[in-house]
Structure formats: C-alpha cells, structure tokens
Amino acid sequence: MSLSEELLATGRRLLINNYNRSPVVMARGEGCVLWDTDGRRYLDMTAGIAVCVLGHGHAGLARAIGEQAARLTHTSNLYYIETQIRLAEALSKRAFAGKAFFCNSGAEANEAALKLARRYQIVVRNQPDRTEFVACDNSFHGRTFGALSVTGQAKYRQGFGPLVPGVRFMPFADLPAAGVAIGDKTCAVIIEPIQAEGGINLPPPGYLHDLRRLCAERGALLILDEIQTGVGRTGSFYAFEKEGTTPDIVTLAKGLAGGVPMGAMLATDEVARAFEPGTHASTFGGNPLASAAAVYLQNALDELGLLRNCEEMGAYLHAALEGVVARRRPAVQATRGRGLLQGLVLQGEAGPVIARARERGLLVSAAGGNVVRFAPALIIGKSEIDEAVGVLDTILAEVS
Ligand SMILES: Cc1ncc(COP(=O)(O)O)c(C=O)c1O
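Thresholds applied
Residues numbered from 1 in each chain as written. Predicted model: local features only at pLDDT ≥ 70, side-chain atom pairs only at ≥ 80, totals over all residues. Heavy atoms only, no water. Helix = DSSP H or I, 4+ residues; strand = E, 2+ residues; numbered from the N terminus. Rg over C-alpha atoms; globule rule 2.2 N^0.38 Å. Contact = heavy atoms within 4.5 Å. Areas by Shrake-Rupley, 256 points an atom, 1.4 Å probe, with all protein chains shown as cover. Pairing = 2+ DSSP bridges. Axes fitted to C-alpha atoms, helices over the stretch in contact; angles between N-to-C directions. Domains from an automatic or database assignment. Buried area = accessible area lost by both parts, 1.4 Å probe. Salt bridge = Lys/Arg side-chain N within 4 Å of Asp/Glu carboxyl O. Polar contact = N/O pair within 3.5 Å; in protein donor to acceptor, adjacent residues only side chain to side chain.

J.: Explain the overall build of the protein chain here, please?
T.: Regarding its fold elements, the protein chain presents 14 helices and 15 strands. Taken against the 2.2 N^0.38 rule, which gives 21 Å for 400 residues, the C-alpha radius of gyration of the protein chain at 21 Å falls within 12% of a compact globule. Dimensions along the principal axes, computed over C-alpha positions, put the protein chain at roughly 60 × 55 × 45 Å. Pairs at least 24 residues apart make up 71% of the contacts formed inside the protein chain by residues separated by at least 6 positions. Counting only carbon and sulfur atoms, one obtains 53% of the accessible surface of the protein chain, whose full area is about 17400 Å².

Shown next as structure tokens:
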C-alpha cells in the first residue's frame, strides 16, 4: 500500500464526507506545481480555488508568516494589532476607501456585510421596514445560514430550510428585473461582479453601473461580493474597477492572505457607522499572523507587477482556450472570463474531463455543471499555460 492509499483509507474513515474530493493527498508545492504523498506531479490551475495568488511555497510569504509567528501570532481584538492596521491602510489605497472589518473566510465576510447593511438601515437610517435582501439566481455567497440564504442555487440550499427569511431573487445581469425586485423594503442588493461558482458569468458592460444607480435611487445598499474576483484575479485589484462604479460594501477572502485563512468586509465611512463596539466580532479576525501574510501579499502584488501579469497571462490563456473551442466544437462550446478567471464551456458535464485531467497531472475545477474553470496563481507564465491547455486539448480530442 502506498502512503497515499494509506492516508486515503484513514481520511475516508475519519473525515466527514461533505466534500467531493479527488482521491489524491497533496504533500507540497512550488509555484504552480503540486506533488502528492506518492511524489506525483500536478500542474495546478486551481491555486486552491483562486486562493494561492503567489503560487505554492513562496519563500517571501513563508518568511513573513514565520517571522510574525515567532514575534506575535495572536492577541484578540481586545487591543489594536499593528499588522491589521497596516493591512487596512494598504487596502484603503486600492479602489475602495473606507473602513475594514477582518474575519476568516468568505462566508463570514458576507455575514458581516449582511448584518452591517441591516443595522445601517434600521439603526442609522431609522428605516425598520428595510429588511429585505435582493440576490441573484445562480449566485454563490457561502455556506453559513445568512450567506446560504442569499445563494441562488437550489443544490446548496436543499435540506437546510428554513433559511433567513426576506430574500428576493432576480435573474443575473437583467436590469429590468432589478427594477422590479428592488423596492422600498430592500435593505441591500448582494451580487458578484462576475458569477464564479455559477459558471463564470459576466454581466454586459454597464450593468453594474446601472444597478448601482438603481440602488442609490431606491435607498438600497449595494454589496459587491469580490471574494473570488478580488485581490487581482481579473487584472485589477477589484473586478468593479472595470465597471466604472463602486459599492457601499465590498467583501474579500480567498487570495487576501495568499493561502492563510482571512476574509474582509470593507464599507464606506457612512455605512461603517452602523457597527459600534459589541455589535459584531470575530476572535481570530485580522489576527497578527493572517494580517502579516496579507500585508506581504499587498506589497508583492505591486512589486512583482502581478496585476499586469494577470491581464497579460489572462489574455494569453483566453486566446489559447479560443483555439480549443475552434478545434473541439461541438464538445466545447465557448470560453469566457476575465484575467486569470477563465472558463471553458462544455456541451456535457465538466466532471469527467476534470477527472481525466487530474489523472494526467493537470488540476482544474468545475464552475457550474459544465464549465472547466482556470484560476491559477497570478505568477503563472506562458509555458505553464501552454502545458495546461495542451493536456486539456488532448483530452477533449479523445472525448469529442
Ligand atoms: C463569490 C464567493 N462568495 C463567497 C464564497 C465563500 O467563501 P468561503 O468558502 O471562504 O466561505 C465563495 C467561495 O467560493 C465565493 O466564490
């Protein structure tokens, strides 16, 4: 029995079976490559589901984490934390200036956003009837009760009701539908600038801008969930920067600390007023260790020119995937995405293609049922993209 087989047997016995896991045990990584516990190599086009912005085993990030761990790992938010303040300062220089709350995951960031929006309407604006949330069909905002309640996909909600009441769903990227859904009871609209888990769905130009205007006209807040699209994934720090608009609240997680668990909710100064001492909290949120990793990542994004690399490599990957579409129609129908969040739309289910790719040492993931998602590290280069697209093209030639 190999080490991987041994570990898989123990894992299957002792871990709750809530993940659709591939039968692989990862051991270590370097850049865009992972090795399993039997020494097999995998080219990683998932980056831990859009998390490992700097790739795996990044020496500078590891050093920053190690040094901070030795200096001060955790203190709680009973006191101010130096690295947390430095992180808030770095984030305030990006395209959204305001105040930050730090937590540990995407779902928690969205929970904070929903709670802040409610409290703003009820307490600050004195509008006790504005309690409804408007969200989109096919959206994904996380698995906690609040985040799940605004997630517009039945497969995630099934068996968990009753969820948080007062959520209205509308079709994504449909402005007239938003005009009907947003009313005088709407507390906030929550939306992903690009639906990621839902299948890499991009709205038409102008949609987010117009949605923002509609929210402002009707007295509703706009929450942008940039948990997957933020931290440079689409070529700008936030995806909304390319839409000519800004939200009232924005949420981040995934890439924020390069693989150390961390989430953030940022709000305008006006809306942030709704949280006062004692109204919301997280023991670990923004602790010295996670914040040090995130500060390192903020600097690395700029020093390594990763936003530019993301745009260039994203365009290169998109063009390569267009080639696959042209060669492998009708099995492959289209490619869509922005920056290094790209999807290949298949005629059938993505699962079998992804499993075959993994057997050949290529890691990609599914978005929606029929989309193969590419969300590699932002440090990726052309040779890795060529290798990944080559493997996938061969598999698609076999299945089509
Ligand atoms: C857009 C979006 N929001 C929220 C989440 C939930 O994040 P987490 O799994 O860290 O709770 C995800 C995770 O995939 C996401 O893509």
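Further notes follow.
J.: Is there a simple way to explain unusual backbone geometry in this structure?
T.: A cis amide bond links Gly161 with the next residue in sequence, Pro162, at an omega value of 0°. Positionally, Pro162 belongs in the loop between α7 (154-157) and β6 (167-170). Between Arg329 and the following residue, Pro330, the backbone shows a cis peptide bond with an omega angle of 0°. Summarising the element assignment, Pro330 is placed in the loop between α12 (306-328) and β11 (332-338). Even without glycine at this site, Asn138 takes up a positive phi of about 75°. Looking at where Asn138 falls in the secondary structure, it is placed in the loop between β5 (132-136) and α6 (145-149). In this model, Ile200 sits at a positive phi of 55°, which is unusual for a non-glycine residue. Position of Ile200 among the secondary structure elements: in the loop between β7 (186-191) and α9 (207-218).

J.: Teacher, can you tell me more about the sheet that holds β7 here?
T.: Across a sheet, paired strands are connected by hydrogen bonds in the backbone, their directions being either parallel or antiparallel. The seven strands are arranged β4-β10-β9-β8-β7-β5-β6 in an open sheet whose pairing can be described as mixed. For this open sheet the edge positions go to β4 (99-103) and β6, each flanked by a neighbour on one side alone. The average undirected angle you get between the axes of adjacent strands in this sheet is 20°. When β4 meets strand β10 (residues 263-267), the two strands line up antiparallel, connected through five bridges.

J.: Explanation requested: the domain arrangement of the protein chain in the structure shown.
T.: One widely used convention gives an interface's size as the accessible area the parts lose upon coming together. The domains assigned to the protein chain are domain 1 (3-54 + 305-399) and domain 2 (60-303). Once you take the C-alpha centre of each, domain 1 and domain 2 turn out to be 26 Å apart. Counting residues at the interface gives 26 residues for domain 1 and 32 residues for domain 2. Here domain 1 packs against domain 2, burying approximately 2400 Å² in sum over the two surfaces, 60% of which is carbon and sulfur. Where domain 1 touches domain 2, the interface holds three salt bridges. Arg373 is paired through a salt bridge with Glu197; the nearest N and O atoms lie 2.6 Å apart. Linking domain 1 to domain 2 there are 16 residue pairs in polar contact (both at pLDDT 80 or more). Mapped onto the side of domain 1 that touches domain 2, the elements with two or more residues apiece are α2 (47-50), α12, β11, β12 (341-346) and β15 (371-374).

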